[in-house]
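# Structural overview
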Amino acid sequence: MLAALFTLMTLPYAPEALEPVISRETIEFHYGKHLQTYVDNLNKMVAGTELEAMTLEEIVRKSEGGIFNNAGQILNHNLYFGQFSPVTADNHTPQGAILEAINRDFGSLEDFQKEFEQKGVSLFGSGWVWLSADKEGKLVITQETNANNPVTKGLRPLLTMDVWEHAYYIDYRNRRAAHLQALWQIINWEEVNRRYEDL
Ligand code: MN
């Protein structure tokens, strides 16, 4: 019998809570089916191996092939789904240390958002655009293809947008740019700041 080693994360909001930016139907497929499949696949692949005892981040750092792809996608989606709050929440403006770092490293919040969206739009194929911090706390934006995560570059991931088509095709069809622009309305900057200050 297989032990349930990794589990589907719990969403910090109801499945319809991110509407109209992300529909309940997209959550049901993206979280309920795509992410669940990555969890099920990884559990089958690591059962009985030394990877069972590792954290997701350790597996992502040490593995390749199918194990890397499924572990990477779980890590990526845990950070993604964990960074949102409903449109009506009052945490959609960055404050504190993360705001200071954005102003320092990108000039302004507007310049940061413009560059972040542009890197999401211009990523060819499936992948993720990330805001991360390096070891000195400097912020960087990176494009990662497929299941890649900035931890493999020694960076600490803070914020991400998923540009796999499964993230937006139900609600936005081919309009990736419109989807990315809309996501700012549901970013929980308190959570992003917490990740940044968690040095
Ligand atoms: Mn996804």
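Calculation rules
Residues numbered from 1 in each chain as written. Predicted model: local features only at pLDDT ≥ 70, side-chain atom pairs only at ≥ 80, totals over all residues. Heavy atoms only, no water. Helix = DSSP H or I, 4+ residues; strand = E, 2+ residues; numbered from the N terminus. Buried < 20%, exposed > 50% of the residue type's maximum accessible area, 1.4 Å probe, protein only. Lys, Arg positive; Asp, Glu negative; His and termini not counted. Salt bridge = Lys/Arg side-chain N within 4 Å of Asp/Glu carboxyl O. Polar contact = N/O pair within 3.5 Å; in protein donor to acceptor, adjacent residues only side chain to side chain. Contact = heavy atoms within 4.5 Å. Phe/Tyr/Trp six-rings, centres within 6.5 Å; stacked < 30°, edge-to-face > 60°. Lys NZ or Arg CZ within 6 Å of the ring centre and 35° of its normal. Donors = N, O, S within 2.8 Å, 3.2 Å for Na, K, Ca; no water. Axes fitted to C-alpha atoms, helices over the stretch in contact; angles between N-to-C directions. Left-handed = near helix turned anticlockwise from the far one by under 90°. Nonpolar A, V, L, I, M, F, W, Y, C, P; charged D, E, K, R; others polar.

This part covers the overall build of the protein. Counting its regular elements, the protein contains eight helices and three strands. In the protein, the succession of helices and strands from N to C terminus is α-α-α-α-α-β-β-β-α-α-α. Each principal axis of the C-alpha atoms in the protein carries an extent, and together these give about 50 × 40 × 30 Å. The buried share among the 199 residues of the protein stands at 49%.

A few words on the side chain of Arg176. Mapping Arg176 onto the fold places it in helix 7 (residues 176–183). Comment: no salt bridge for buried Arg176; closest opposite-charge side chain is Glu165, at 6.1 Å. Only 2.8 Å separates the side chain of Arg176 from the backbone oxygen of Leu123, close enough to count as a polar contact. Excluding anything up to four places from it in sequence, Arg176 contacts Gly120, Val121, Leu123, Gly125, Val163 and Tyr168.

For the structure shown, the criterion picks out twelve aromatic pairs. Here Tyr80 and Trp128 contribute two aromatic rings whose centre-to-centre distance is 5.9 Å and whose plane-to-plane angle is 80 degrees, an arrangement assigned as edge-to-face. One end of the pair, Tyr80, is in helix 3 (residues 65–81); the other, Trp128, is in strand 1 (residues 127–133), and 48 residues separate them in sequence. Relative to Trp189, the ring of Phe112 lies with its centre 6.3 Å away and its plane at 75 degrees, an arrangement referred to as edge-to-face. You can see Phe112 sitting in helix 5 (residues 109–121) and its partner Trp189 sitting in helix 8 (residues 189–197), a full 77 residues away along the chain. Look at Phe112 and you get buried, because its relative accessible area is 0%. One aromatic cluster is present, built from ring pairs that chain together Tyr31, Tyr80, Phe81, Phe84, Trp128 and Trp130. One cation-aromatic arrangement involves Lys33 over Phe29; the distance from NZ or CZ to the ring centre is 5.8 Å.

Moving on: the coordination of the manganese ion. The protein atoms that coordinate the manganese ion are His30 (NE2), His77 (NE2), Asp162 (OD) and His166 (NE2), at distances of 2.0 to 2.1 Å. The sequence pattern describing where the donors of the manganese ion fall on their chain is H-x46-H-x84-D-x3-H. With His30 in helix 1 (residues 24–46) and Asp162 in strand 3 (residues 156–162), this pair connects stretches of sequence that are 132 residues apart.

With that out of the way, let us pick up the pattern of salt bridges. Oppositely charged side chains may form a pair once their charged atoms are brought near each other. Tallied over the entire structure, the rule returns eight salt bridges. A salt bridge links Arg24 to Glu16; the shortest N-O distance between them is 2.9 Å. Among the residues examined, Glu16 registers a relative accessible area of 35% and is labelled partly exposed. For Glu115, the salt bridge goes to Lys119, with nearest N and O atoms at 2.9 Å. Placement of both Glu115 and Lys119 in helix 5 is noted, with a separation of four residues, approximately one turn of the helix. Assessed through its relative accessible area of 23%, Lys119 is described here as partly exposed. Three or more residues joined by partner-sharing salt bridges are found here, namely Glu16, Arg24 and Glu28.

Before going further, it helps to spend a moment on the packing of helix 5 against helix 7. Relative to each other, helix 5 and helix 7 sit at 145 degrees, their axes nearing to 9 Å. Seen along the crossing, helix 5 lies across helix 7 with a hand that is right-handed. Residue-level inspection shows Glu117, Gly120 and Val121 of helix 5 in contact with helix 7, the latter providing Arg176, Ala177, Leu180 and Gln181. When the residues that make up the contact of helix 5 with helix 7 are grouped by side-chain class, the tally is three nonpolar, two polar and two charged.

By themselves, these observations are geometric and do not establish any function.
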